[in-house]
Amino acid sequence: MDIKFENLIYKNYKKLNENDKHICNYILNNKVECEDMSIQDLALNCNVSHTTILRFAQKIGLKGYSELKFCLKLENNKEYIFEKAKIINMYQDINKTMDILIKKDFSDICYLLDNCKKIYVYGTGEVQKNAAKELKRNFLYVGKLVDVIEGKDELEILNNYITEEDIIFLISLSGENKVINKFAKNLNKKGTKIISITQSGNNSLSKESDMSIQFYTHEVAQLEDNLQIFLSSQFFIINEFLLIKYLEYKYSR
């Protein structure tokens, strides 16, 4: 059940009379105060009877006044309620990502890995940086040295030395990081081959890339201060797939 106060009002607005609308406006303007207010005090402040307050709560789909207070307290405290459907989304995201990877032709990327002069990788965030290091470790197994670019300063220095004979993996969740996208535009002028790894969609980084490897992911939580949590295991799944596809390209008969 959706117990967000504004949504309850929106869904049941046609049921409300003038007194109800007056109560509604008072609560909207005094949410924090109302969460601890007795039904008698709210009735006094709204100049109505306590039975009118009770009927108002029932009209918007609540059982009574205590449920109305709980609704306001939950909303004011911004308490996070985990939706179990997120687990199904996670399962579906990983399956859809695997489907994309299995169907994708990696031969162009493998050809570049075999024929380029140098290989670089850069990740925009902490998880992406870990994925970059994992990519380096994986390709050491097959004798390929990957240089991990550690920060923005190194990125600027690299811009002076990278050539059209080199390739670079750019790892970004959204594909909308301004720094990395500006860097990618500069690389396009040099003719350096760019392979981006981002979430699925028509994002800016994928447009700047010669080749794009994409995956599915959803926000699984938004906590305090708008902290968003996304699943990031797909970065590492792609790393493993790149290694397997390169082995297939190199050694299959």
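Residues numbered from 1 in each chain as written. Predicted model: local features only at pLDDT ≥ 70, side-chain atom pairs only at ≥ 80, totals over all residues. Heavy atoms only, no water.

Caption draft 1: Highlighting the overall build of the protein chain. When you go through the protein chain residue by residue, the secondary structure sums to 13 helices and seven strands. The C-alpha radius of gyration computed for the protein chain amounts to 27 Å, which surpasses the reference 18 Å derived for 253 residues by more than 25%, pointing to a less compact arrangement than a globule. The 253 residues of the protein chain split such that 42% are buried. Put simply, 67% of the contacts in the protein chain that link residues at least 6 apart link residues at least 24 apart. Taken as a whole, the protein chain presents about 14700 Å² of accessible surface, with 50% of it coming from carbon and sulfur. Within the protein chain, one finds 35 positive and 35 negative side-chain charges whose respective centroids are separated by 3 Å. (Helix = DSSP H or I, 4+ residues; strand = E, 2+ residues; numbered from the N terminus. Rg over C-alpha atoms; globule rule 2.2 N^0.38 Å. Buried < 20%, exposed > 50% of the residue type's maximum accessible area, 1.4 Å probe, protein only. Contact = heavy atoms within 4.5 Å. Areas by Shrake-Rupley, 256 points an atom, 1.4 Å probe, with all protein chains shown as cover. Lys, Arg positive; Asp, Glu negative; His and termini not counted. Charge placed at Lys NZ, Arg CZ, Asp CG, Glu CD.)

Caption draft 2: Seen up close, the sheet that holds strand E5 (residues 211–215). Pairing is parallel in the open sheet, where five strands are placed in the order E2-E1-E3-E4-E5. The open sheet has two edge strands with one neighbour each: strand E2 (146–149) and E5. Strand-to-strand, the axes of this sheet are offset by a mean angle of 20°, without reference to chain direction. As paired elements, strand E1 (residues 119–123) and strand E3 (residues 167–171) share five bridges and run parallel to each other. Bridge pairing in E3 places Gly-123 opposite Ile-171. Here helix H11 (residues 178–190) sits on the sheet and contacts E1, E3 and strand E4 (193–199); the angle it forms with E3, its principal contact strand, is near 160°. (Pairing = 2+ DSSP bridges. Axes fitted to C-alpha atoms, helices over the stretch in contact; angles between N-to-C directions.)

Caption draft 3: The side chain of Lys-144, seen in detail. With respect to the helices and strands, the residue Lys-144 is situated in the loop between helix H9 (126–140) and E2. A polar side-chain atom of Lys-144 sits 3.4 Å from a polar atom in the side chain of Asp-114. Setting aside residues up to four positions removed in sequence, Lys-144 forms contacts with Leu-113, Asp-114, Ile-119, Phe-139 and Tyr-246. (Polar contact = N/O pair within 3.5 Å; in protein donor to acceptor, adjacent residues only side chain to side chain.)

Caption draft 4: Inspection of the packing of H9 against helix H13 (residues 233–251) at higher detail. At a minimum axis distance of 9 Å, the contact between H9 and H13 shows a crossing angle of 20°. Taken as axis vectors, H9 and H13 run roughly parallel relative to one another. H9 and H13 meet at a crossing whose hand is right-handed. Contact residues: H9 offers Val-127, Gln-128, Asn-130, Ala-131, Glu-134, Leu-135, Asn-138 and Phe-139, while H13 offers Phe-235, Phe-236, Asn-239, Glu-240, Leu-242, Leu-243 and Tyr-246. (Parallel < 35°, antiparallel > 145°, perpendicular 65-115°, else oblique. Left-handed = near helix turned anticlockwise from the far one by under 90°.)

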